[in-house]
Each structure stands twice: as structure tokens, then as C-alpha cells.
Amino acid sequence: TSDNPNGTPPTCQELQPAKTREADVRMAISSGSPVDCTVLGVALQTSLEDENALLCTITDSCTFSDFTCEHDSQNNVISMEFVLNQIYNLMDKNILDNDVKRIEAAAPDLEIVINAKKKRSAVTLSGVTFDSGSIETSCPDRTVKVNNECITCPPGQGLNDDETGCDVCPIGSWSPGGYVPCNTCLGTHTTTRGKGSTNVFSCVPTETVCVVKGERDLNGDMIPPTGSRITPNTTVTAVCPEGKNQAFRVGNRFQCDADVYPACFHMCNLAEFNETDFATRFIEQDFERRWYFHNEAIVINCLEKYEYKYENSFISRSHVVTCDNGKIDMGRCHRKNNEIVMIAAIGSVCVALAVSLLVILCIFLRKQTKKKRKMLEQKKKELM
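Residues numbered from 1 in each chain as written. Predicted model: local features only at pLDDT ≥ 70, side-chain atom pairs only at ≥ 80, totals over all residues. Heavy atoms only, no water.

Draft legend 1. Expanded view of the overall build of the chain. Within the chain, the regular secondary structure consists of five helices and 29 strands. Per-residue burial for the chain yields a buried fraction of 31% across its 384 residues. Across the chain, contacts joining residues at least 24 apart in sequence account for 50% of those joining residues at least 6 apart. (Helix = DSSP H or I, 4+ residues; strand = E, 2+ residues; numbered from the N terminus. Buried < 20%, exposed > 50% of the residue type's maximum accessible area, 1.4 Å probe, protein only. Contact = heavy atoms within 4.5 Å.)

Draft legend 2. Region of interest: the state of the cysteines. Counted according to the given criterion, the structure contains ten disulfides. Disulfide partner of Cys210: Cys256, at an S-S distance of 2.0 Å. Linking Cys210 and Cys256, the disulfide has an S-S dihedral of approximately -90 degrees and is accordingly described as left-handed. Placement of the pair is Cys210 in strand E16 (residues 210-211) and Cys256 in the loop between strand E21 (253-255) and strand E22 (265-266), with a sequence separation of 46 residues. What makes Cys210 buried here is its relative accessible area of 8%. Two residues, Cys268 and Cys323, share a disulfide whose sulfurs are 2.1 Å apart. Residues Cys268 and Cys323 are joined through a disulfide that is right-handed, its torsion about the S-S bond being 85 degrees. (Disulfide = S-S within 2.5 Å.)

Draft legend 3. Looking closely at a nonpolar patch on the surface. A grouping of Val351, Val355, Val359 and Ile363 is seen on the molecular surface, where their side chains present a nonpolar patch of about 340 Å² in accessible area. Counting through the fold element by element, Val359 comes out in helix H5 (residues 338-383). The exposure class assigned to Val359 is partly exposed, which follows from its relative accessible area of 45%. (Patch = residues over 30% accessible without salt bridge, like charges linked within 9 Å, V, L, I, M, F, W, Y side chains within 5 Å. Areas by Shrake-Rupley, 256 points an atom, 1.4 Å probe, with all protein chains shown as cover. Salt bridge = Lys/Arg side-chain N within 4 Å of Asp/Glu carboxyl O.)

Draft legend 4. Representation of the environment of Ile87 within the structure. In this fold, Ile87 is placed in the loop between strand E4 (77-86) and helix H2 (94-106). Along the chain, Ile87 and Thr57 lie 30 residues apart, while their C-alpha atoms are 10.0 Å from each other. For Ile87, the residues in contact, after removing those within four places along its chain, are Asp60, Ser61, Cys62 and Thr63.

Draft legend 5. The arrangement of H2 in detail. The end-to-end C-alpha distance of H2, which contains 13 residues, comes to 18 Å, matching closely the 18 Å that a straight helix rising 1.5 Å per residue would cover. Those residues of H2 that sit buried are Ile95, Leu96, Asp99, Val100, Ile103 and Ala106. An end-on view of H2 places all buried positions within 135 degrees of arc, on one side of the element. Exposed and oriented more than 90 degrees from the buried face of H2 are Lys101 and Ala105. Turning to H2, the residues buried within the fold contact strand E2 (20-30), helix H1 (37-50), strand E3 (62-72), E4 and strand E7 (128-138). (Expected span 1.5 Å × (residues − 1). Arc of directions from axis to C-beta.)

Draft legend 6. Just the sheet that holds E7, in detail. Read across the sheet, four strands follow the order E3-E4-E2-E7 without closing on themselves; strand pairing throughout is antiparallel. For this open sheet the edge positions go to E3 and E7, each flanked by a neighbour on one side alone. Put simply, the sheet's adjacent strands are angled 15 degrees from each other on average, direction ignored. Across ten bridges, E2 lies against E7 in antiparallel orientation. (Pairing = 2+ DSSP bridges. Axes fitted to C-alpha atoms, helices over the stretch in contact; angles between N-to-C directions.)

Draft legend 7. Highlighting the sheet that holds E21. Taken in spatial order, the three strands make up an open sheet running E17-E19-E21, and their pairing is antiparallel. Each end of this open sheet is capped by a strand with a single partner; those strands are strand E17 (221-223) and E21. Put simply, the sheet's adjacent strands are angled 35 degrees from each other on average, direction ignored. As paired elements, E17 and strand E19 (residues 235-239) share three bridges and run antiparallel to each other.

Draft legend 8. Region of interest: the nonpolar core. Ranked by internal contacts, the top residues of the largest apolar core, which has 32 residues, are Phe82, Leu84 and Ile112. Within the residue set of this core, elements represented by two or more residues are E2, H1, E3, E4, H2, strand E5 (112-114) and E7. For this core, the element with the highest residue contribution is H2, accounting for five residues. In this structure, Phe82 is in contact with Ala23, Asp24, Val25, Met27, Leu44, Leu48, Phe64, Ser65, Asp66, Phe67 and Ile103, ignoring residues within four places of it in sequence. Tyr292, Cys302, Tyr308 and Cys333 belong to the second-largest nonpolar core, a separate cluster that totals 17 residues. (Core = buried A, V, L, I, M, F, W, Y, C linked by side-chain atoms within 4.5 Å.)

Draft legend 9. Here's a closer look at the environment of Met91. Here Met91 is to be found in the loop between E4 and H2. Apart from residues lying up to four places away in sequence, Met91 is in contact with Leu15, Gln16, Pro17, Ala18, Arg21 and Glu149.

Draft legend 10. The side chain of Thr152, seen in detail. Checked against the element boundaries, Thr152 lands in the loop between strand E9 (149-151) and strand E10 (157-159). The residues touching Thr152, leaving out its near neighbours within four places in the chain, are Gln13, Arg142, Thr143 and Gly178.

Limitation: the analysis is restricted to geometry and does not speak to function.
So, in C-alpha cells, the structure goes:
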């Protein structure tokens, strides 16, 4: 857990003998007439002991006392109440606890025989019901009651404000245990790495404590868990839920004080595409049909004589697509249009012809220019 990232087992504390422990038991029995309470109490104890439902009186671990009864003539029921006082091994709460459970289990089948020594006047009562059985424990001075047992606070826990129990020392405090409250770390810049610290050496500078960040829906489960207080350079491992993983070439292990924890993304499963999907797209099936990571590139090749088309232009037989958080657009290959090819070829021929004609024209003009120069030179000579 975040409070215990290292999985340290809880500290056990020695039990202390209780000052007193008693069980108050309430039962009822069907009867059309009242019965002497003293006689009924003895008969009830005897019946419970005979059924091995009441063992603490047999082993002298408790006493059977304070028996009272009251007859309800309207409902023909005798209500009964008695107290079991534990007098032996007062550290063991199970002595009374187990007897109360046995009494409850035996009650429906219990038969109480009154005046058994006088056979003619013996009366057997049945129809017993168990109403309640509460156990109360009082503890000696400088101990507290926890779950009906007496203890002093274990290390890492301190006495609560009303001195009736032990509380785990919160972050920034410590306790060696005993009948004392938790101690606060000295200074404003000291704290503890977790709850339940046991000594003053647990107090460390705040800058040496890093709280594990991360959100389960975004980053997955953190190990140690989110909220754990550890050293800044401790390695944290992020475990994404099934079907998700970190992005391509992004690791799942990082230091606690990392600025950003890696996110979990849905993966792309190319195995979901069948042969018909590729055939209708005119794509070659020459890649791994597996799970791909977010941002992982996949090279898709078109079938022969097919190419990818981009903005009305054919670009290449190969095309790169990327897994995008569980989604991938495989695209579609197109067959080249022959008319476009022909137009492109004619265009090339026309360009070549135009260049040739331009060259011929240039040569012709050059020759004409030379011819005119010769004629002008000849006329000049004649005039001289």
C-alpha cells in the first residue's frame, strides 16, 4: 500500500492481563408458570455444563453469578440473565468469547430439568432462545483496550487524545510505543517517509522524500503504489492494464522524481485484419500481424501495378502508417490510370520536339545574320 510501500509487516505487541472481563448473557425459556429463580439458575448452569456449552465454570476459569429471571404471564415466557466473570488467564479473551458462542449454538435444543432429585416433582423446560451475549473488558492503568484486549501502544503508534486507544503516527511524527502519544519531528523542513514511524531517526529532510505520482486511468498501476513516500532516485514501475502499454520505445521504469510519468495507450492489433481486408485494399501481406505500440511505424506495400495516391498524385508502392492509441488507418492502394501515363508520355515528346525546333530556329537565324553581314561588307568595298 502507499502507507507501507516496502511491505513491512505490522509490529506485534505483548498483551497485558485485563483488570476484569465479564460476559452478560440473556436468554428466555417457554413456561406457563413462574419458577423459583434460584432453582432455575442452578438448573440452567447444570444443563449448560452437561451439554459442554459452558466450560469456563468446569475449568474454574470463570464464575456463574448474578442470575435473575422474570416470568411474562402474557407470553408464557421466562426471561433469564446471568454474568460469567473470568477469573483465570485474563489475557485470553477467547475463554468467555468461545463459551458465549457455544451457549448460543446449544440454546435451541437445551432442556432444563428442575428438581431432578425429586423425580415426582421434576419438571423439564424446553424452548430456550438465546437473546444476547456481550463481553466487557476493563484494563489496568497505563494500558488501553483494543478488541476487548489490554495492550500498550506498539512502536509506530501513539496514545490518542482521550487515552482510550492507539492511533498510527501520521506523517511527520513517530513513537517508540507504550502509553505515550506520537512525537512530532523537529523543524519545519523535516518529515517522515511514511506513517507509523518508530523513532526520531525516521525524521528526514523534506527534499529527500518523493511522493509517487501517477493516475491509474492515465499511467496504470504504480509499484510502489501512488502516494508512496520514497527517495527521489527510487525506481518506479508502471503496469498498464490489459490491452494497453507505453508508447513505442518508451520504458515503464523511471525515477520517482521524473517530471512526467509515461502514459498508457491502447495498442493496435493488425491480426484483426483478415485476407479480405487486404485484398480489397490491394495491400501485400508482408508485415507482422501482431500487436503494435502507440507511435510504432508500420510499412505497408501495395500490390504490383498499384500505388498510394496522395492529393491526386501517385507517390510510391510503399507507405508508412502509425498506430495511434489503438487506431490505425491502413489506407488503400490504387491502380495507375493508363490515360494519365499516355498523356505524360505525349507531354514528354512534345517538350522534346519543342526543344528541337527551338534549336533549329536558332541555327537558322544565326546563318541569316552571318549572310547579312557579308552582304554589307561587300557593298562597302564597292563604294570605296
